[in-house]
Amino acid sequence: MISSPTHVYPVIWYEGSVLLIDQTHLPAEYAFVEIHRCEDMAQAIKTMIVRGAPAIGIAAAYGMYLGAREIETHDREQFLSQLEQVAQMLRTTRPTAVNLFWAIARMLKTAYETIGTVEEIRQVLLTTAQTIQTEDLQTCQAIGDRGLELLPKTPAQLNLLTHCNAGALATAGYGTALGVVRSAWSCGRLSRLYADETRPRLQGAKLTAWECVQEGIPVTVITDSMAAHCMQQGMIHAVVVGADRIAANGDTANKIGTYSLALVAKAHDVPFYVAAPVATIDFAIATGREIPIEERDPVEVYQIDDTILTPAGVEFYNPAFDVTPAHLITAIITEHGAFSPSQLQQELQHKYVA
Ligand code: MRU
């Protein structure tokens, strides 16, 4: 695989198994989990050992190969039918990130279109998973460059704000929103990154901050509720976030809290950018109302480490994502350029989506 300047690879194919950085233990511990079976890959996606839309897609692609390896038949039809079951199992892991479904569909299509023995199909599946991974690295570097062209020209050095983690850990190894931040940093255009802590799972405080520290990118962690104050004080020049699924009209699902950030940015006239690969755009759905929103275990809300925060007898609601309406988004930065939400279909669907 081509290398990333970050040297952070959340998914690694190594000597017949998949190594995942265990993102549930960062920043305290940088450790890997070894995955041999597709069921374990599904579990790793569900429990967020691996997370972030593109990384979930890459992990699922390897999960498809691991599943193909476990199927014992030499009969092509039986093999394909059992592979469909593997695909279905992986699809049930996380509902919002469309990259999961995109990667599984690409792997299935490859299996159906490969002429040859079952063993030959397996080999092509492994190569395809590796290709999906390599392509993502190139795509994210292109997103970083396209984003850099778009950032406000003044001041010379910008303060950017991001939410959750859309970095190397969430992709093959460079990042979408953090890809733009990285490109800005390497060109001397970044003064400081403000990272929302991102309740309830704290991906900003734990993962984005960790990535920045690895590379010496100046980072200030704030609680989610401090973003409005920072914008009112003129401390933020642009917001850059990732996406889990973008509808054809540009409505964007991303980590819970993104919508309120977009509203606050609009109120303060701060540009609000979404950085995502074309694979994150779901042209099959017209608006964000059709995006399935994952609801996760309430324990994420009421407990931090071993501490229970709330009194007994209360109820909880834990949606993992929200939808930012297109009219709040200044531009969507893709590997093929930056577009206003209303341009997506005309500029991208017909040219780049099969
Ligand atoms: O629940 P997570 O941590 O998987 O959510 C991640 C996000 O919301 C990211 O912003 C999104 O997946 C884009 S990652 C490049």
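Treat the numbers as computed from the prediction; the structure is a model and nothing was measured. In this convention, every chain numbers its residues from 1, walking through the sequence in written order. Only residues with pLDDT of at least 70 get local features here, since the model is predicted, and only at 80 or more are side-chain atom pairs given and counted; chain-wide, interface and lining totals rely on the full set of residues. Processing note: side-chain calculations cover all non-hydrogen atoms of the structure and skip hydrogens and water entirely.

Student: Which residues make up the UniProt feature "site: Transition state stabilizer" (unreviewed entry) in the protein, and what are the values?
Tutor: UniProt positions are given in the numbering used here, feature names are shortened, and annotations may be inferred rather than shown by experiment. The UniProt record annotates "site: Transition state stabilizer" (unreviewed entry) at C164. Along the chain, C164 turns up in the loop between strand 4 (158-162) and helix 6 (177-186). Contacts were defined at the residue level, with two residues in contact if any of their heavy atoms lie within 4.5 Å. Aside from chain neighbours lying at most four places away, what touches C164 is R51, D196, T198, Q203, G204, T208 and K255. For the purposes of this entry, the term helix denotes a DSSP run of H or I that reaches at least four residues, the term strand denotes a run of E that reaches at least two, and both are numbered from the N terminus.

Student: Could you give an account of the domain arrangement of the protein, naming the residues involved and the relevant values?
Tutor: Where interface size is given, it is often the accessible area lost as the parts come together that is meant. The start and end points of each domain follow an automatic or database-based domain assignment. When its domains are assigned, the protein resolves into domain 1 (11-139) and domain 2 (152-352). Counting residues at the interface gives 27 residues for domain 1, matched by 29 residues for domain 2. Put simply, buried area is how much 1.4 Å-probe accessible surface two parts lose in total, over both of them, once they are put together. A combined buried area of about 2,300 Å² lies between domain 1 and domain 2, and 59% of that area is made up of carbon and sulfur atoms. The largest contributions to the domain 1 side of the interface with domain 2 come from R51, T96 and V98, which together make up 26% of the buried area. For salt bridges, the criterion is a side-chain nitrogen of Lys or Arg within 4 Å of an Asp or Glu carboxyl oxygen. Inspection of the domain 1/domain 2 interface yields 1 salt bridge. For R94, the salt bridge identified is with E294, shortest N-O distance 2.9 Å. Definition of a polar contact: a pair of N or O atoms within 3.5 Å, with one able to donate and the other able to accept a hydrogen when the atoms are protein atoms, and with sequence-neighbouring residues admitted only if both atoms are side-chain atoms. Taken together, domain 1 and domain 2 are joined by 12 residue pairs in polar contact (both at pLDDT 80 or more). Of all the elements in the fold, those that place two or more residues in the side of domain 1 that touches domain 2 are helix 2 (53-70), helix 4 (98-113) and helix 5 (118-150). Across the side of domain 1 that touches domain 2, the residue classes break down as 15 nonpolar, 8 polar and 4 charged. Three classes are used, and their members are as follows: Ala, Val, Leu, Ile, Met, Phe, Trp, Tyr, Cys and Pro are nonpolar, Asp, Glu, Lys and Arg are charged, and the others, Gly among them, are polar.

Student: Can you break down the site of the ligand residue by residue, with the values?
Tutor: The immediate surroundings of the ligand are formed by 18 residues, with R51, R94, D244, N254 and K255 found nearest. The contact in question runs from an oxygen atom of the ligand to an N or O atom on the backbone of G52, over 2.9 Å. Between the ligand and the protein, one listed contact pairs an oxygen atom with a side-chain N or O atom of R94 at 2.8 Å. Working definition of accessibility: Shrake-Rupley area with a 1.4 Å probe, residue cover restricted to the visible protein chains. In isolation the ligand has 420 Å² of accessible area, and contact with the protein removes 100% of it. Elements represented by at least two residues in the shell around the ligand include exactly helix 2 and strand 9 (252-255). In terms of residue class, the shell around the ligand is built from 8 nonpolar, 6 polar and 4 charged. Throughout this document, a residue counts as near a molecule or strand when at least one of its heavy atoms sits within 4 Å of that molecule or strand.

Student: Residue-level account of the UniProt feature "active site" (unreviewed entry) in the protein, with values.
Tutor: As annotated in UniProt, the feature "active site" (unreviewed entry) corresponds to D244 in the numbering used here. Among the structural elements, D244 can be located in the loop between strand 7 (238-241) and strand 8 (245-247). We classify D244 as buried; its relative accessible area is 8%. Leaving out residues up to four positions away in the same chain, D244 has contacts with A53, T96, A97, V98, N99, A253, N254, K255, T280 and F321. Categorising residues by exposure relies on relative accessible area from a 1.4 Å probe, with only protein chains included: less than 20% of the type maximum marks a residue as buried, more than 50% marks it as exposed, and the intermediate range marks it as partly exposed.

Student: Account for the pairing of strand 2 (residues 17-21), naming residues and giving values.
Tutor: Note on strand geometry: in a regular strand, side chains alternate between the two faces of the sheet. Among the 5 residues that make up strand 2, 5 are buried, leaving the element largely enclosed by the rest of the structure. Here strand 2 shows no split at all, with S17, L19 and I21 on one side and V18 and L20 on the other all buried. Following DSSP output, two strands are said to pair if at least two bridges run between them. Of the strand pairs in this sheet, strand 1 (residues 11-14) and strand 2 are connected by 4 bridges, and their pairing is antiparallel. Residue pairing for strand 2: I12 is matched across the bridge by L19. Here strand 1 hands over to strand 2 after 2 residues, with E15 in that stretch at a positive phi of 45 degrees.

Student: Describe in detail the sheet that holds strand 3 (residues 32-35), supporting the description with residues and values.
Tutor: Strand order in the open sheet formed by 3 strands is 1-2-3, and the pairing between neighbours is antiparallel. Since the sheet does not close on itself, it has two edges, and those belong to strand 1 and strand 3, each with one partner. Ignoring strand direction, the axes of neighbouring strands in this sheet form an average angle of 25 degrees. When strand 2 meets strand 3, the two strands line up antiparallel, connected through 4 bridges. If you follow I21 over to strand 3, its bridge partner there is F32. Note on geometry: axes are lines fitted to C-alpha atoms, helical ones only across the stretch in contact, with angles between N-to-C directions running from 0 to 180 degrees. Across the sheet, helix 2 lies against strand 1, strand 2 and strand 3, angled at about 30 degrees from strand 1, the strand it touches most.

Student: Before we move on, could you go through the sheet that holds strand 14 (residues 321-324) and cite the residues and values that matter?
Tutor: Strand order in the open sheet formed by 4 strands is 11-8-9-14, and the pairing between neighbours is mixed. Two strands close off the open sheet at either side, each with one partner strand: strand 11 (281-282) and strand 14. Note: strand 9 against strand 14, 4 bridges, orientation antiparallel. Across the sheet, residue T252 finds its bridge partner in strand 14, namely T324.

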